[in-house]
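Observations on the three-dimensional arrangement
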Amino acid sequence: QAQTKQVYSIASIPADGIGPEVVEAAIVVLKAIAKKRGTFQLEFTNFDWSSDRYKKTGSYVPKGHLDTLRQFDAILFGAVGAPDVPDHISLWGLRLAICQPLQQYANVRRTRVLPGTNSPLANCKPGQLDWVIVRENSEGEYAGHGGRSHTGYDHEVATEISIFTRTGVRRIARFAFQLAQSRPRRKLTYVTKSNAQRNGMVMWDEVINEVAQDFPDVELDHMLVDAMTVRMVLHPESLDTIVATNLHADILSDLAAALAGSIGIAPTANLDPSRKNPSMFEPIHGSAFDITGKGIANPVATFWTASEMLEWLGEKEAADQLMAAVEAVCVDGVKTRDLGGSANTKEVTDAVVAKIMQC
Ligand code: ATP
Ligand code: MG
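Residues numbered from 1 in each chain as written. Chains lettered and ligands numbered in written order. Predicted model: local features only at pLDDT ≥ 70, side-chain atom pairs only at ≥ 80, totals over all residues.

Section: the site of ligand 1
If you check the shell around ligand 1, you find 17 residues, and the closest are G264, H285, G286, A288 and N298. Taken together, the residues of the shell around ligand 1 sort by class into 7 nonpolar, 7 polar and 3 charged. (Near = placed C-beta within 6 Å. Nonpolar A, V, L, I, M, F, W, Y, C, P; charged D, E, K, R; others polar.)

Spelled out as structure tokens, the structure:
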């Protein structure tokens, strides 16, 4: 029977700061769920691609890193960023050097107030904030186009050009509509800034409304990004699925994570919906050097993203069981400090493993 087990190969890239702590915890939990279910197996291969590697060798990744990653079914990523490396170097050196060439154009960020935790919003109980933010992950404001001239002079000029392609907008719109359609409320809010930005943002509005013709059962509404921040805080229950550009969704999803209780619980999935390339799963939070090495990082964001990874691999029941265990542990009050508890990373991990084994 062992031979018929499905085997998934996972590349793990823990990288910097608390990345290795939360990825290690997630691997423990993933192995527990695989053992409990007994129907599939996970094989992990660890890569030491990190800011330490960059400081030693001048590069975050070795030559041929994309071919290496293409051999895996999925990628589990920690966090990148170090105090002594400029953020734009580390981000482009590792994370974007994977996401963009592997065409992980859909970045999905689920946000929910988990049972047993509290939102900082008084008007928001578990169930009243349940969003999924779809972030365009391949172009837009982070396309990397632009440049500087006359550097250092008063007449220095810097340009940061947003690139929006009709194809790129259409594919993320289609993805967002499908996701909205799969959720009970069938509601999609698209966010732009088409009053002030009259090229790319107006094209976004046009393309979204074109794609909407194919999804008559999805209720669609439009927000300007500035007004959207207000609505998220004042009327969280009025939102469900949200789609926005690379920059806007980056900002909105940090806000969403904070409103749901902590950046330490927020997961993200970088998906290639064509499935030609492996997708990458990571917590939203960064390397958090202020708490690195103390063993107190909240592993829930990485558990949640690990659950999404299982779902993407086709193991929906295992994914749901893993999240149910995480939620039960929160209800039991085994929480890290960012959620108002006093448990450390290992205690939360052990509690989740115990729940998985019980149920
Ligand atoms: P990046 O630039 O990579 O997004 P950042 O500078 O925005 O990083 P983070 O590393 O995300 O910062 O951390 C922001 C704050 O949230 C820090 O004070 C950190 O301690 C806290 N934090 C982040 N992740 C966690 C976690 N998993 N558990 C507990 N606290 C966290
Ligand atoms: Mg950040």
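Considerations on the packing of helix α5 (residues 166–182) against helix α6 (residues 200–212)
Running from N to C, α5 and α6 point in directions that differ by 45°, and their axes come no closer than 9 Å. Accordingly, the angle class assigned to the pair α5 and α6 is oblique. Judged by the sense of rotation from one axis to the other, the crossing of α5 with α6 is right-handed. Residue-level contacts link R166, V169, R170, A173, R174 and F177 of α5 to M203, W204, V207, I208 and V211 of α6. When the residues that make up the contact of α5 with α6 are grouped by side-chain class, the tally is 8 nonpolar, no polar and 3 charged. (Axes fitted to C-alpha atoms, helices over the stretch in contact; angles between N-to-C directions. Helix = DSSP H or I, 4+ residues; strand = E, 2+ residues; numbered from the N terminus. Parallel < 35°, antiparallel > 145°, perpendicular 65-115°, else oblique. Left-handed = near helix turned anticlockwise from the far one by under 90°. Contact = placed C-beta atoms within 7 Å.)

Comments concerning the environment of T4
The residue T4 is located in the segment before β1 (6–15) in this model. For T4, a count of 6 C-beta atoms within 10 Å puts it in the exposed group. (Buried ≥ 20, exposed ≤ 12 C-beta atoms within 10 Å, placed from the backbone.)

A closer look at the nonpolar core
Among the nonpolar cores identified, the biggest contains 103 residues, and V29 and L322 are the most heavily contacted of them. For this core, the element with the highest residue contribution is helix α1 (residues 19–37), accounting for 10 residues. (Core = buried A, V, L, I, M, F, W, Y, C linked by C-beta atoms within 7 Å.)

Side note on the UniProt feature "domain: Isopropylmalate dehydrogenase-like" (unreviewed entry) in the protein
Within this numbering scheme, the UniProt entry marks residues 9–352 as carrying the feature "domain: Isopropylmalate dehydrogenase-like" (unreviewed entry). Taken end to end, residues 9–352 comprises 40% helix and 22% strand; its first and last C-alpha atoms sit 23 Å apart. (UniProt positions renumbered as here; feature names shortened; annotations may be inferred.)

Let's talk about unusual backbone geometry
Of note, the phi angle at H150 is positive, near 55°, even though the residue is not glycine. Tracing the backbone through its elements, the reader meets H150 in the loop between β6 (140–149) and β7 (157–163). The backbone of R186 sits at a positive phi, close to 45°, despite the residue not being glycine. In this fold, R186 is placed in the loop between α5 and β8 (187–192). R186 gets classed as partly exposed once you count the C-beta atoms within 10 Å, which come to 16.

Description of the pairing of strand β4 (residues 106–112)
Taken across its 7 residues, β4 has 7 buried, putting it largely inside the fold. Taking every second residue as pointing to the same face, both faces of β4 are buried, with A106, V108, R110 and R112 on one and N107, R109 and T111 on the other. Note that β4 and strand β5 (residues 130–136) share 7 bridges and pair antiparallel. By the bridge assignment, R110 is partnered in β5 with V132. Two strands pair when backbone bridges link them, and β4 and strand β11 (residues 267–271) are joined in this way by 3 bridges, in the antiparallel orientation. (Pairing = 2+ DSSP bridges.)

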